[in-house]
Amino acid sequence: MLLLLILLLFMCVYFYLVEREFINNCKDMTAVSSILILNLLLIKFLLPISAFAIPAFMGIVLVSLLIDVRIAIIFNIVISIITLLIVGDKNLNFALYLFIGGSLSSIVSHKIQNRMQFVSHGFLASMISSLFVLTMELVYQTQGEMVLYNAVNSFVGTALSFVLAYGTLPIWEYILDYATPIRLMELSNPNHPLLKRLLLEAPGTYHHSLIVGNLAEVACEAVGGNYLLARVGAYYHDIGKLKRPFYFKENQIIEEDPHNKITPTLSALIITSHTKDGVEIGKEYRLPKQVLDIIKQHHGTTKVAFFYGKALVQNQQVSEQRFRYEGPIPQSKEAAIVMLADSVEAAVRALSSPTPQLIESTIRNIIHEKLMDGQLNSSNLTFKELEAICESFIKVLTGVFHKRVSYNLIDDGIDKEEVVERSENLHSKSAG
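Note that the structure is predicted; figures quoted are calculated from it, not measured.

Draft legend 1. Inspection of the UniProt feature "transmembrane region" (unreviewed entry) in the chain at higher detail. Residues given the UniProt feature "transmembrane region" (unreviewed entry) here are residues 36-62, 94-110, 122-140 and 152-175. End C-alpha atoms of residues 94-110 are separated by 24 Å, and the span's content is 94% helix alongside 0% strand. From the first C-alpha to the last, residues 122-140 spans 27 Å; its make-up is 95% helix and 0% strand.

Draft legend 2. Representation of helix α12 (residues 227-236). Counting buried positions along α12 yields nine of 10 residues, so the element is predominantly enclosed. Listing the buried residues of α12 in full gives Leu228, Leu229, Ala230, Arg231, Val232, Gly233, Ala234, Tyr235 and Tyr236.

Draft legend 3. Quick peek at the nonpolar core. Ranked by internal contacts, the top residues of the largest apolar core, which has 53 residues, are Tyr236, Leu287, Ile363, Ile389 and Phe393. No other element matches helix α16 (residues 333-349), which puts nine residues into this core. Dropping the residues within four chain positions of it, Phe393 is found in contact with Leu215, Ala219, Ile337, Leu340, Ala341, Val344, Ile363, Ile367 and Thr398. In this structure, Met11, Ala31, Val63 and Ile182 belong to the second largest nonpolar core, which totals 34 residues.

Draft legend 4. Main features of the packing of helix α13 (residues 264-284) against helix α15 (residues 305-313). Across the interface, α13 lies against α15 with an axial gap of 9 Å and an inter-helix angle of 170°. In this view, α13 runs roughly antiparallel relative to α15, as classed from their interaxial angle. Residues Pro264, Ser267, Ala268 and Ile271 of α13 touch α15, and the partners they reach there are Phe307, Lys310 and Ala311. Considering only residue class, the contact of α13 with α15 consists of five nonpolar, one polar and one charged.

Draft legend 5. Inspection of the packing of aromatic side chains at higher detail. For the coordinates displayed, the defined rule picks out 11 aromatic pairs. Ring plane angle 40° and centroid distance 5.0 Å describe the contact between Phe15 and Phe22, whose orientation is recorded as tilted. The burial state of Phe15 is the same as that of Phe22; both residues are buried. Through a chain of ring-to-ring contacts, the aromatic side chains of Tyr14, Phe15, Phe22 and Phe75 assemble into a single cluster. Across from the ring centre of Tyr174, 4.5 Å away, lies the NZ or CZ of Arg183, which sits over that ring.

Draft legend 6. Expanded view of the packing of helix α4 (residues 58-66) against helix α6 (residues 92-109). Running from N to C, α4 and α6 cross one another at 35°; their axes reach a closest spacing of 8 Å. In terms of crossing hand, the pair formed by α4 and α6 is right-handed. In this structure, α4 uses Ile60, Val61, Ser64 and Leu65 to contact α6, whose residues at the interface are Gly102, Ser105, Ser106 and Ser109. For the contact of α4 with α6, the class distribution of residues is three nonpolar, five polar and no charged.

Cut-offs applied
Residues numbered from 1 in each chain as written. Predicted model: local features only at pLDDT ≥ 70, side-chain atom pairs only at ≥ 80, totals over all residues. Heavy atoms only, no water. UniProt positions renumbered as here; feature names shortened; annotations may be inferred. Helix = DSSP H or I, 4+ residues; strand = E, 2+ residues; numbered from the N terminus. Buried < 20%, exposed > 50% of the residue type's maximum accessible area, 1.4 Å probe, protein only. Core = buried A, V, L, I, M, F, W, Y, C linked by side-chain atoms within 4.5 Å. Contact = heavy atoms within 4.5 Å. Axes fitted to C-alpha atoms, helices over the stretch in contact; angles between N-to-C directions. Parallel < 35°, antiparallel > 145°, perpendicular 65-115°, else oblique. Nonpolar A, V, L, I, M, F, W, Y, C, P; charged D, E, K, R; others polar. Phe/Tyr/Trp six-rings, centres within 6.5 Å; stacked < 30°, edge-to-face > 60°. Lys NZ or Arg CZ within 6 Å of the ring centre and 35° of its normal. Left-handed = near helix turned anticlockwise from the far one by under 90°.

Below, the structure written as structure tokens:
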């Protein structure tokens, strides 16, 4: 009991000083508590088999995937000591194996993004664990036949930990609504029903979202954010436009603008409603909360300036607040980066003659406007990070919207009929 109290005190001090966000998140606390209790019950239930063959790292792998690798390592220390109390204080080598093997498993599982990585990383962790046990058993001068036996069992136990973690991961993802790298990779698949629907019903929005996704991913990598979350959030950020796709310029296939038949106030309401509509559609398709937050926040509380100006020209007595998005402003780096990527892509696409200098000035002006409007106040982005984001946007958009060479095949001074005749002769010889 004294040992458990010391462990509890150690954890409380660490989480209070270093991981304050974790202890303030009830969902994370519930997830970790549930996973580790089930893991300890599994260890207790499987005690009749060899201790090294027990899948003791299943909970640690799940915590690393669902929450964070640092949290997993801290709880691995606690599990190692509690497990030692369960199996007996004579198995100090087993406690050391739990600490080393669990820490290794949490580290290699943190960046897993697909099934093949689950196999490869799990095999790597199993091999290193078995080699560690082999070395440790030789140091402790265990009987010859038991050395290889324990090494093989540790390989099996570590491998089973990854198998059980992979098998139960979808349950934890959907019950507790976590956006793990594996789930985000599934959502980024173009065959996802919602992305296919976006392609068919709002093709302009779909292609815009792809470019925004590339911009957001590159910018997030530049500032050390969750680039996978930013890319997936960008893919789905405009799904609310599925409700009224032809009221948005990129989806209009006819010259007549439907906004010409309605008032500027109603137009602004339709435009600003696509964030709320996007959240509703996202919930229908069970998108994770982190992606829904990006959908809701990617316009913040910005003003629909075009229709506000149009209303003022028509001498309408309107409140500026009615022409702003509901918000909230972006609460994370990823949401803020998607906001900036969305704005700069639309602005640069609207340029009639994009040059590198004009693209750069447009990007810098938009980022400055968002900053001055207070849209980035809750995103935790620094000025240094904003400059890195700006540079990444410039690099990508300069490559996408560069000027193309005009290939004038027929010069004005050459007889055009002669060129056509030569072309026809060339094609006839090729066909022959």
